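Residues per chain, in single letters:
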Amino acid sequence: MTTAAPRPVLEVRDLVTHFPVRAGVVKAVDGVSFSIERGKTLCVVGESGSGKSVTARSILQIVDAPGRIVAGSMVLNRADGSSVDLATLDPRGRAIRAIRGAEIAMIFQEPMSSLNPAITVGRQIGEPVNLHRGTPWEGALARARELLGLVSNPDAAARVNAYPHQFSGGMRQRARIAMALACEPQLIIADEPTTALDVTVQAQILDLLQDLAKKANSALILLTHDLGVVARYANRVIVMYGGRVVETAPAAELYARPAHPYTRGLMASIPRLDGDTRQRLVPIEGSPPDLSALPPGCAFAPRCKLASERCRAERPVLREIGPNHLKSCFVDD
């Protein structure tokens, strides 16, 4: 008898998020699909403007106006066996507010501005516990002290009464991680959580985040443009370009056999310690596409040296080229 595979925590299918503007429609997310299981780390990689952050914000229904989800589904499979399609919920309704911070938590990109400067750090960490679990403030602050110690903030008992301006950048980001873990969510989304932090602190923060997520058996979605981060932490990788998924594969497979010209370009544009030190880096020429005026074919075609007339005229779809390895490209057909 075969054992059924565990259900993913989150299943996103054909997600489309648009921003109506005077010039037309900005297609920030254009048919994105993926899933993630408990205890796994999914890295979403791509240049700025590729659609990573809007995809993450769409999951929590916190897309900035005038953006809106126009198609697709985002099914959250709970541990109790129930499911809910997040795309069907009112962005301002009680149902999605009950999920934010409790079942899905997000760590935002900028640690210097993601905490309220007028409220103590301990109160901000304890708020989800008070709000979602109904724990009185005394107990919520005790949980905040526990969490600050868990994320290795020194002198947690005293720091719980400090304000964000009294924390360094690394300490603020540790506090944000503590806030995200407060209610032991099933899914944590981290949007470039080490931006503006020095290299040694970056490694500490990411190691801590992944370790705590694994201990809680939470799924972790890590948005980044740093391929070094992807190599170290990802179980699976999604490569996005122009609001679309152009390649997805297990991390080891993607690094061993990158298939899409954009993925290969990203790999070629970073230095390697095991490569020829005399070899020059190869940049990807051109600029990311205007999402309000995407070409009819492949969004990467204007920058791709291998593009054909078919690439410029016809949009490729994701297809399997190996076990769990998909790419959206006509090259090598």
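Every value quoted in this text rests on a predicted model; they were computed, and no experiment measured them.

Trainee: Account for the overall build of the protein chain, naming residues and giving values.
Mentor: In terms of helices and strands, the protein chain carries 11 helices and 12 strands. Relative to its length of 333 residues, the protein chain is compact, with a C-alpha radius of gyration of 21 Å against a globular reference of 20 Å. Taking the intrachain contacts of the protein chain between residues at least 6 apart in sequence as the baseline, contacts between residues at least 24 apart amount to 64%. Within the structure as shown, the protein chain displays about 16200 Å² of accessible surface, and the carbon and sulfur contribution to it stands at 52%. Across the protein chain, 39 positive and 33 negative side-chain charges occur, with their mean positions spaced 2 Å apart.

Trainee: Can you explain the side chain of Gln-173? Please cite residues and give values.
Mentor: Within the secondary structure layout, Gln-173 lies in helix H6 (residues 169–181). Residue classification places Gln-173 among the buried residues on the basis of a relative accessible area of 0%. Engagement of the side chain of Gln-173 in a polar contact is seen with the backbone oxygen of Pro-193, the distance being 2.3 Å.

Trainee: Account for the side chain of Lys-327, naming residues and giving values.
Mentor: As for its placement among the helices and strands, Lys-327 is situated in strand S12 (residues 325–327). Polar side-chain contacts of Lys-327 include one of 2.9 Å to the backbone oxygen of Val-331.

Trainee: Would you mind going over empty space enclosed by the protein in detail, with residue names and values included?
Mentor: To find the voids left in a structure, one rolls a probe of water-molecule size over its atoms. Across all of its chains, the model carries 3 cavities of 30 Å³ or more by this definition. Empty space within the largest cavity amounts to approximately 50 Å³. Lining of the largest cavity is provided by Pro-261, Cys-298, Phe-300, Ala-301, Cys-304, Ala-307, Cys-311, Cys-329 and Phe-330. Per-class residue counts for the lining of the largest cavity are 9 nonpolar, no polar and no charged.

Trainee: Describe the pairing of strand S7 (residues 187–191), listing the residues and the values that go with them.
Mentor: Counting buried positions over the 5 residues of S7 gives 5, a clear majority of the element. Because side chains alternate across S7, one face comprises the buried residues Leu-187, Ile-189 and Asp-191, and the other comprises Ile-188 and Ala-190, equally buried. By the bridge criterion, 4 bridges tie strand S6 (residues 104–107) to S7 in an arrangement that is parallel. When the sheet's bridge partners are listed, Met-106 is paired in S7 with Ile-189.

Trainee: Provide a residue-level description of the packing of aromatic side chains, including the pertinent values.
Mentor: When we look at a pair of aromatic rings, we describe it by the centre distance and by the angle of the planes. Taken as a whole and judged by the stated rule, the model has 3 aromatic pairs. Relative to Tyr-262, the ring of Tyr-241 has its centre 4.7 Å away and its plane inclined at 55 degrees; by these criteria the two rings are tilted. Of this pair, Tyr-241 sits in strand S9 (residues 236–241) while Tyr-262 is found in helix H10 (residues 261–268), placing the two residues 21 residues apart along the sequence. Given the relative accessible area of 3%, Tyr-241 is considered buried. Take Tyr-262: its relative accessible area is 0%, and that puts it in the buried class. Residues Tyr-241 and Phe-300 carry aromatic rings whose centres are separated by 5.2 Å and whose planes lie at 85 degrees to one another, so their mutual orientation is edge-to-face. With Tyr-241 in strand S9 and Phe-300 in the loop between H10 and helix H11 (309–313), this pair connects stretches of sequence that are 59 residues apart. Put simply, the rings of Tyr-241, Tyr-262 and Phe-300 pair up and form one aromatic cluster. The ring of Phe-167 carries Arg-159 above its face, with NZ or CZ at 5.4 Å from the centroid. Looking at Arg-310, its charged tip hangs above the ring of Phe-330, at a distance of 3.8 Å from the centre.

Trainee: Account for the environment of Val-25, naming residues and giving values.
Mentor: By the element assignment, Val-25 lies in strand S2 (residues 24–36). C-alpha separation for the pair Val-25 and Lys-215, spaced 190 residues apart in sequence, amounts to 42 Å. Residues contacting Val-25, with those up to four places away along its chain left out, are His-18, Phe-19, Pro-20, Leu-291 and Ser-292.

Trainee: Tell me about the pattern of salt bridges, residues and numbers included.
Mentor: Throughout the structure, instances matching the rule amount to 12 salt bridges. Salt-bridge contacts for Glu-103 lead to Arg-78; the nearest nitrogen and oxygen are separated by 2.7 Å. Taken together, the residues Glu-103 in the loop between helix H2 (94–99) and S6 and Arg-78 in the loop between strand S4 (68–77) and strand S5 (83–85) connect sequence positions 25 residues apart. For Glu-103, a relative accessible area of 16% gives the class buried. Across the pair Asp-211 and Lys-215 runs a salt bridge whose closest N-O atoms are separated by 3.4 Å. Note that Asp-211 and Lys-215 are positioned in helix H7 (residues 199–215) at a spacing of 4 residues, about one turn of the helix. Three or more residues are tied together by salt bridges with common partners; here these are Asp-30, Arg-244 and Arg-315.

About the criteria used
Residues numbered from 1 in each chain as written. Predicted model: local features only at pLDDT ≥ 70, side-chain atom pairs only at ≥ 80, totals over all residues. Heavy atoms only, no water. Helix = DSSP H or I, 4+ residues; strand = E, 2+ residues; numbered from the N terminus. Rg over C-alpha atoms; globule rule 2.2 N^0.38 Å. Contact = heavy atoms within 4.5 Å. Areas by Shrake-Rupley, 256 points an atom, 1.4 Å probe, with all protein chains shown as cover. Lys, Arg positive; Asp, Glu negative; His and termini not counted. Charge placed at Lys NZ, Arg CZ, Asp CG, Glu CD. Buried < 20%, exposed > 50% of the residue type's maximum accessible area, 1.4 Å probe, protein only. Polar contact = N/O pair within 3.5 Å; in protein donor to acceptor, adjacent residues only side chain to side chain. 1 Å grid on protein atoms, 1.4 Å probe; cavity = no way out; pocket = protein on both sides within 12 Å on 5 of 7 lines; lining within 4 Å. Points joined across faces, edges and corners; volume = space filled by probe spheres on them. Nonpolar A, V, L, I, M, F, W, Y, C, P; charged D, E, K, R; others polar. Pairing = 2+ DSSP bridges. Phe/Tyr/Trp six-rings, centres within 6.5 Å; stacked < 30°, edge-to-face > 60°. Lys NZ or Arg CZ within 6 Å of the ring centre and 35° of its normal. Salt bridge = Lys/Arg side-chain N within 4 Å of Asp/Glu carboxyl O.

Function-wise, these values are silent; they only describe arrangement.
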